[in-house]
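One letter stands for each residue in the lines below.
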2 protein chains.
Amino acid sequence: MGAPVERTRIRRLPDKAVRERDALHAVLDAGMLAHVAFVHDGQPYAVPVAYGRDGDSVLLHGSTGSRLFRLLAGGAPCCFSVTLLDGLILARSAFEASMRYRSAMVLGTCGVVSDQVPALRLISEHLVPGRWDVIRPPSSKELAATLVLRLPLAEWSLKVSDGWPETGPEDEGWSPPVGVIPIRTVLDDFVAGEA
Amino acid sequence: MGAPVERTRIRRLPDKAVRERDALHAVLDAGMLAHVAFVHDGQPYAVPVAYGRDGDSVLLHGSTGSRLFRLLAGGAPCCFSVTLLDGLILARSAFEASMRYRSAMVLGTCGVVSDQVPALRLISEHLVPGRWDVIRPPSSKELAATLVLRLPLAEWSLKVSDGWPETGPEDEGWSPPVGVIPIRTVLDDFVAGEA
């Protein structure tokens, strides 16, 4: 169980909150892309990043030239969000129309990972298992241009919507088809090619 | 063309920047979920939201009880990001491993939409075309519990990665399969059901 601290307490639809750490891990392991929110000059940004989970933290990598990675490496507070869209919920009313989703959110600050290669390998293996062993590993010059960051899964929330459309007394007399359009992310067959 | 202002100038991999407004529209029209970044008590958050595009703005809807929507309605600066993940780029080196993606980012502040019904219809039709005409429209009580916001597509960036893996002289002697694993989002057949 994660610490049910105030900043990650789920306020809207609290019945959708999940507190099991295994469920958080499963969502992070199923995702491929996160959005990381940070603040610069008072302006919030949400930037997509690849990642991998290493036990009770997530690992990110980026360029030393990236504003996001330099700010995070400097200890800027961030929010790391992974949302998996699982379906569209079609209800009798507009008001009850909704989505099926699994939404993980982690708040905190990142630490810089000095032992870069195992971390880069973990991120690579998360996305394409087995790939690391056949590719050229990073050179020292490439590593010098790379920032690897670790964000602990300490302050987090997980919200899961996996139900069916709700019908109320106001909906009497309205009988459109109701149910769910499932949504999946599909990886197609590998296409060989080079720039 | 969008205004090439400093805050949305693409710093990393600027050759991937796209400035055509039609391309921005196409990405927003293809997406179903955005992440909205905002700041509360110095902490950034990235929260998933449904949306629809109305000409040169995006429309969002949420509960009047939602912290996100109350802050945005109060004029808090935000970042609205839609990222479509199109593939995994498998290169000879770890360093050149990458993703195919289309990433739209809009900065600004939202205005509150008083004429809610056409905006809610637009968001609904974006997600499930034709649905609005067969469902129960929102009651005045439901509308009173709903905030509809409009964010102009004024300050924005679009970054598109759609290429093939790069090979350099350092990769000589390394010959793993190189290419792309395409990724698609699939809507499956409707499944009837009710809570």
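Here the structure is a predicted model, which means the values were calculated and not measured. (Residues numbered from 1 in each chain as written. Chains lettered and ligands numbered in written order. Predicted model: local features only at pLDDT ≥ 70, side-chain atom pairs only at ≥ 80, totals over all residues.)

### Things to note about the overall build of chain A
Of regular secondary structure, chain A possesses four helices and eleven strands. Taken over the C-alpha atoms alone, chain A extends approximately 70 × 45 × 35 Å along its principal axes. Excluding contacts between residues fewer than 6 apart, the proportion of contacts in chain A whose partners are at least 24 apart in sequence is 73%. (Helix = DSSP H or I, 4+ residues; strand = E, 2+ residues; numbered from the N terminus. Contact = placed C-beta atoms within 7 Å.)

### As for the interface of chain B and chain A
With 78 residues of chain B at the contact, the number on the chain A side is 78 residues. Listing elements by their share of the side of chain B that touches chain A, those giving two or more residues are strand S1 (34–40), strand S2 (43–49), strand S5 (78–90), strand S6 (98–108), helix H3 (116–127), strand S10 (179–187) and strand S11 (191–192) of chain B. Here the residues of the side of chain B that touches chain A sort into 47 nonpolar, 17 polar and 14 charged. Bridge analysis of strand S10 (residues 179–187) of chain A against S10 of chain B gives five bridges, and the strand direction is antiparallel. Across the sheet, residue Val186 of chain A finds its bridge partner in S10 of chain B, namely Arg184 of chain B. (Nonpolar A, V, L, I, M, F, W, Y, C, P; charged D, E, K, R; others polar. Pairing = 2+ DSSP bridges.)

### Quick notes on the sheet that holds strand S7 (residues 111–112) of chain B
Residue and element names in this part refer to chain B. As summarised here, the arrangement of the four strands in space is S3-S4-S8-S7, forming an open sheet in which the pairing is antiparallel. Every other strand in the sheet has two partners, leaving strand S3 (51–54) and S7 as the edge strands with one partner each. Here S7 runs beside strand S8 (residues 146–152); their pairing, made up of two bridges, is antiparallel. Counted as the bridge partner of Val112 is Leu149 from S8. The strands touched by H3 are S3, strand S4 (57–63) and S8; relative to S3, the strand with the most contacts, the crossing angle is about 110 degrees. (Axes fitted to C-alpha atoms, helices over the stretch in contact; angles between N-to-C directions.)

### Quick notes on the nonpolar core
One finds Val36 and Ala37 of chain A together with Val36 and Ala37 of chain B to be the most contacted residues of the largest nonpolar core, which totals 106 residues. Apart from residues lying up to four places away in sequence, Ala37 of chain A is in contact with Pro44, Tyr45, Ala46, Cys78 and Cys79 of chain A together with Ala37, Pro44, Tyr45 and Ala46 of chain B. (Core = buried A, V, L, I, M, F, W, Y, C linked by C-beta atoms within 7 Å. Buried ≥ 20, exposed ≤ 12 C-beta atoms within 10 Å, placed from the backbone.)

### Observations concerning the sheet that holds strand S4 (residues 57–63) of chain A
Residue and element names in this part refer to chain A. With antiparallel pairing, four strands are arranged side by side in an open sheet as S3-S4-S8-S7. The strands lining the two open edges of the sheet, one partner per strand, are strand S3 (52–54) and strand S7 (111–112). Note that S3 and S4 share three bridges and pair antiparallel. Across the sheet, residue Asp54 finds its bridge partner in S4, namely Ser57.

### Regarding the environment of Thr167 of chain B
Relative to the elements of secondary structure, Thr167 of chain B occurs in the loop between strand S9 (155–161) and S10. Judged by local crowding, Thr167 of chain B falls into the partly exposed class, with 18 C-beta atoms found within 10 Å. What Thr167 of chain B contacts, discounting residues up to four positions off in sequence, is Glu194 of chain A together with Ala91 and Arg92 of chain B.

### So, H3 of chain B
Along an α-helix, residues three or four positions apart point the same way, because every turn accommodates 3.6 residues. All names here are of chain B. Between its first and last C-alpha atoms H3 spans 17 Å; for twelve residues at 1.5 Å apiece the expected length is 16 Å, and the two agree. Listed in full, the buried residues belonging to H3 are Ala119, Leu120, Ile123 and Ser124. For H3, the angular spread of the buried residues around the axis is 135 degrees, confining them to a single face. Against the buried residues of H3 lie S3, S4 and S8. (Expected span 1.5 Å × (residues − 1). Arc of directions from axis to C-beta.)

### Here's the deal with the relation of the copies chain B and chain A
Relating the two copies of this chain is a rotation about some axis coupled with a shift parallel to it. When chain B is brought onto chain A, the operation consists of a screw motion whose angular component is 180 degrees and whose axial shift is 0.0 Å, with 0.0 Å RMSD remaining. Both copies of the chain, as the preceding transformation shows, are related through a two-fold rotation axis. Closest to the rotation axis within chain B is the C-alpha of Thr185 of chain B, separated from it by 2.3 Å. Same-surface contact between copies: 100% of interface residues of chain B are shared with the interface of chain A. (Least-squares fit on C-alpha atoms with pLDDT ≥ 70 in both.)

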